[in-house]
Amino acid sequence: MGTADVEAVWRIESARIVAALTRFTGDFGLAEDAAQEAVAEALVSWPLAAPANPAGWLMATARRRAIDAIRRRAALQDRYALLAAAPAVDSAVDEEIDLDRIDDDVLALMFVSCHPVLSPEARVALTLRVVGGLSSEEIARAFLVPVPTVQARITRGKKTIAAAGVPFELPPAGERRERLGDVLSVIYVIFTEGSTATSGNRLLRPDVAYEAIRLARTLAALQPDEPEVHGLLALCELTAARFPARTGPDGSPILLEDQDRRRWDFSAIHRGLAALAKASTHGLSPYGLQAAIAAIHASAPSVEATDWDRIVVLYEALGRVAPSPVVVLNRAVAVAMASGPAQGLAIVDELIASNRLPGSYLVPTVRGELLARLGRRPEARAELELAARLCANQRERSVLLRKAATLG
């Protein structure tokens, strides 16, 4: 077995292993370190002699590493005495690590990784590392930050969790519901970065987006009665369904009106609609409303045939339950499609007057598009050139500059 095989097993099993070790040791940071050491050992030993049960080998090796680490901690003699009395750990799984508890353990791991004591950046890094199984290098590539920055976030995050005495357990039902939003927001941030990269020379980072979908599917399986979880999963699936048509062979962006809808992933659309149905059982919450909007786009044969009036209504509802300037901007686009660019422009100008999205390239992008549709070409060109200066993604910037150039 080679490096790719080790990475594949780790990606699938990492959350289960770290969760089981955390319950066994009571130390989140120690569990994650021991698991990483087991992977490093696998990279050396598996090419020489592949284990019959790779996941079990990783679990057993990581557990031995954890015990060795505890033995080295002079301040933890009581815990060591407890471990020393335990049976030998030559097998992959024993009574100390109960695989029947893994589902709850993985869910607890998600809540620990997304704990409110952590910074948003640390939550994302820890979730991708310990739940998603990504390496520091992969996380750094995904978010275009230096590897040492990612490593520092992970290290600080683990120290923060330890200092705060965060227990490895599922929060009580009431608290779990309150903190579920933290978990969902982390998955949403990961997906958003994958679906439209904030910077760099790629519009999409599908591997990042699909990792978020995998996390959302795991969470939906572990929390099947939470509509908002299904709403987020639906939003991710329906948005990702358009990925195959969003870029050309050279990676250049293809706008919605120019996309070949036959290239959309209809299996993903089907999965997204099924998740949306589950999210709709008690009325739609913010992610569900966004998914409902994505569903309208996914089912429309063309931009012109899209039910823009319905999208306007959904954005108005979203603005009531989760108000934000981005929702207002998106509603302006929908209003422009449903009722004409002048009405959409009025909403954008109100948003600018309130200074609620300073420095965002999205505002001049939308304003430039609407001005162009109204025939105000010099103003439109100036707005699109401003948007290009503010945009950090090279692919989107090139599209904006090409549009501006056509307005002479």
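Residues numbered from 1 in each chain as written. Predicted model: local features only at pLDDT ≥ 70, side-chain atom pairs only at ≥ 80, totals over all residues. Heavy atoms only, no water.

Undergrad: Would you mind going over the confidence of the model for the chain in detail, with residue names and values included?
TA: Should pLDDT be low for a region, the predicted coordinates there are not to be read in detail. For the chain, per-residue confidence averages 88 on the pLDDT scale, and residues scoring 70 or more make up 92% of the total. Here residues 86–95 scores under 50 on pLDDT; set against residues more than four positions off or in separate chains, the count is 14 contacts. (pLDDT = per-residue confidence, 0-100. Contact = heavy atoms within 4.5 Å.)

Undergrad: Tell me what's going on with helix H14 (residues 286–299), and back it up with residues and numbers.
TA: For the α-helix, the turn length of 3.6 residues means that residues three or four positions removed from each other point alike. With 14 residues, H14 extends 20 Å from end C-alpha to end C-alpha; this agrees with the ideal 20 Å at 1.5 Å per step. The buried fraction of H14 amounts to eleven of the 14 residues, a majority that puts the element mostly inside the structure. Along H14, the residues that are buried comprise Tyr287, Gly288, Leu289, Ala291, Ala292, Ile293, Ala294, Ala295, Ile296, His297 and Ala298. (Helix = DSSP H or I, 4+ residues; strand = E, 2+ residues; numbered from the N terminus. Expected span 1.5 Å × (residues − 1). Buried < 20%, exposed > 50% of the residue type's maximum accessible area, 1.4 Å probe, protein only.)

Undergrad: Please set out the packing of aromatic side chains residue by residue, giving values where relevant.
TA: Overall, the coordinates contain four aromatic pairs when judged by the stated rule. A centroid spacing of 5.4 Å and a plane angle of 55° characterise the contact between Tyr188 and Tyr287, whose relative ring orientation is tilted. Of this pair, Tyr188 sits in helix H9 (residues 173–195) while Tyr287 is found in helix H14, placing the two residues 99 residues apart along the sequence. In this structure Tyr188 comes out as partly exposed when scored by relative accessible area, which is 29%. Look at Tyr210 and Phe243: their rings are 5.9 Å apart centre to centre, the planes differ by 55°, and that puts the pair in the tilted class. Of the two residues, Tyr210 sits in helix H10 (residues 206–222) while Phe243 sits in helix H12 (residues 243–246), which places them 33 residues apart along the sequence. On the basis of relative accessibility, which here comes to 5%, the residue Phe243 falls in the buried class. In textbook terms, an aromatic cluster arises when at least three aromatic residues are bridged by ring pairs, as seen for Phe191, Tyr210 and Phe243. (Phe/Tyr/Trp six-rings, centres within 6.5 Å; stacked < 30°, edge-to-face > 60°.)

Undergrad: Summarise the side chain of His297; cite the residues concerned and give the values.
TA: In this fold, His297 is placed in helix H14. Contact partners of His297, with chain neighbours within four places excluded, come to Arg242, Leu256, Arg261, Trp264, Thr306, Trp308 and Ile311.

Undergrad: Tell me what's going on with unusual backbone geometry, and back it up with residues and numbers.
TA: Although it is not a glycine, Asn355 adopts a positive phi angle of roughly 55°. For Asn355, the position within the fold is in the loop between helix H17 (341–353) and helix H18 (362–373).

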